[in-house]
Amino acid sequence: MTSELPEMRASDADRERVAEVLRVAVAEGRLDMEEFGERLDAVYQARTHGELQPLVRDLPAAAAQGTEPVPAGDWAGRIGRVPASRSAVAVMGGFQRKGNWTVPRRLTSFVFWGGGQIDLREADFEGPEIEIRCIAIMGGMEVIVPPELDVQVTGLGVMGGFDHSGSGAGTPGSPRVRITGFAFWGGVGVRRKRRREERGLAREERGKSLE
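Residues numbered from 1 in each chain as written. Predicted model: local features only at pLDDT ≥ 70, side-chain atom pairs only at ≥ 80, totals over all residues. Heavy atoms only, no water.

**A few points about the overall build of the protein chain**
Here is step 1 of the chain: Counting its regular elements, the protein chain contains five helices and 13 strands.
Here is step 2 of the chain: Relative to its 211 residues, the protein chain shows a buried fraction of 40%.
Here is step 3 of the chain: The long-range fraction of contacts in the protein chain, counting pairs at least 24 apart against all pairs at least 6 apart in sequence, stands at 66%.
Here is step 4 of the chain: Of the roughly 11400 Å² of accessible surface on the protein chain, 53% is carried by carbon and sulfur atoms. (Helix = DSSP H or I, 4+ residues; strand = E, 2+ residues; numbered from the N terminus. Buried < 20%, exposed > 50% of the residue type's maximum accessible area, 1.4 Å probe, protein only. Contact = heavy atoms within 4.5 Å. Areas by Shrake-Rupley, 256 points an atom, 1.4 Å probe, with all protein chains shown as cover.)

Below is the structure:
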């Protein structure tokens, strides 16, 4: 967020980065909870960069650097799309969400005596913060995420398994995806996997290195 363009419209990602600066500040004791709450309310009501700037102006410059707008690039064109559906359900059957589709801010997925696959590698995103709630009862679900995505897995397995190995930081500007829910007599797997064309390029590079 640059002072030269205070009239520029703020995006959801800009607001989330300012909110994160405030969260760090209250954790470090720079803000009390009352002021933190007031500033956080102002963040989500802000429409322009000029309205966001005063909210972090008195905080450390190193933290405030996190309020810069998302640079144009691959992710910039994939965030802010409109989803066609906000749920995925399979009862004694299966579902797939893969290829070119839009992930809603909150996706609820449910399987009972069935299976489901959620593939985010080619997907667009409704916003910079995504929550995927996975509920698997006597069934299985697989979530595939690209290596560059910021992922946090917090699900629970009850007489079943909920894989947390896919958790990890992503590249700057990537959406933050939180995968939660539970598996009962079933399983939810989360794994990182490159896009098909990227795997092909990697194989070509390995082949060239052996020549």
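**With respect to the nonpolar core**
Here is step 1 of the chain: In terms of nonpolar packing, the biggest core is built from 28 residues, with Ile118, Leu120, Ile132 and Ile179 touching the most fellow members.
Here is step 2 of the chain: Counting residues per element, the ones that place at least two in this core are β1 (87-91), β4 (106-112), β7 (129-137), β8 (140-145), β9 (150-153), β12 (176-184) and β13 (187-192).
Here is step 3 of the chain: A per-element tally of this core places β7 first, with four residues.
Here is step 4 of the chain: When near neighbours in sequence (up to four residues on either side) are disregarded, Ile179 contacts Ile132, Cys134, Val143, Val151, Gln152, Val153, Thr154, Gly155, Phe162 and Val190.
Here is step 5 of the chain: In this structure, Ala10, Leu22, Phe36 and Leu40 belong to the second largest nonpolar core, which totals 15 residues. (Core = buried A, V, L, I, M, F, W, Y, C linked by side-chain atoms within 4.5 Å.)

**Things to note about the packing of helix α2 (residues 33-45) against helix α3 (residues 49-56)**
Here is step 1 of the chain: The contact between α2 and α3 brings their axes to 9 Å, and the two run at 165 degrees. Looking at the two axes, α2 sits roughly antiparallel to α3. Crossing of α2 against α3: the hand is left-handed. Here Arg39, Ala42, Val43 and Gln45 of α2 lie close against α3, whose contacting residues are Glu51, Leu52, Leu55 and Val56.
Here is step 2 of the chain: In terms of residue class, the contact of α2 with α3 is made up of five nonpolar, one polar and two charged. (Axes fitted to C-alpha atoms, helices over the stretch in contact; angles between N-to-C directions. Parallel < 35°, antiparallel > 145°, perpendicular 65-115°, else oblique. Left-handed = near helix turned anticlockwise from the far one by under 90°. Nonpolar A, V, L, I, M, F, W, Y, C, P; charged D, E, K, R; others polar.)

**Examining the confidence of the model for the protein chain**
For any part of a model where pLDDT is low, the fine detail of the predicted coordinates should not be relied upon.
Here is step 1 of the chain: Considering every residue of the protein chain, the mean pLDDT works out to 83; 83% of them sit at 70 or more.
Here is step 2 of the chain: Note that pLDDT drops below 50 for residues 61-73; the model gives that stretch 21 contacts with residues more than four away or on any other chain. (pLDDT = per-residue confidence, 0-100.)

**Remarks on the pairing of β7**
Here is step 1 of the chain: As paired strands, β4 and β7 are joined by seven bridges and run parallel to one another. Considered in β7, the bridge of Leu107 is made with Ile132.
Here is step 2 of the chain: Sheet topology places β7 next to β12; nine bridges connect them, and they run parallel. Bridging from a neighbouring strand, Ile132 pairs with Ile179 of β12. (Pairing = 2+ DSSP bridges.)

**A short note on the packing of aromatic side chains**
Here is step 1 of the chain: Enumeration over the complete set of coordinates arrives at two aromatic pairs.
Here is step 2 of the chain: On the numbers, 5.7 Å between centres and 0 degrees between planes, the contact of Phe112 with Trp113 is stacked.
Here is step 3 of the chain: When its relative accessible area of 27% is taken as the criterion, Phe112 is described as partly exposed.
Here is step 4 of the chain: Judged by centre distance (5.7 Å) and plane angle (0 degrees), the rings of Phe184 and Trp185 are stacked.
Here is step 5 of the chain: The partly exposed category is assigned to Phe184, whose relative accessible area is 30%. (Phe/Tyr/Trp six-rings, centres within 6.5 Å; stacked < 30°, edge-to-face > 60°.)

**Here we look at helix α1 (residues 12-27)**
Here is step 1 of the chain: Its 16 residues give α1 an end-to-end C-alpha distance of 23 Å, which sits within 8% of 22 Å, the value for a rise of 1.5 Å per residue.
Here is step 2 of the chain: Listed as buried for α1 are Ala13, Asp14, Arg15, Glu16, Arg17, Val18, Ala19, Val21, Leu22 and Ala25.
Here is step 3 of the chain: A positive backbone phi angle near 85 degrees is found at Gly29, which sits one or two residues after α1. (Expected span 1.5 Å × (residues − 1).)

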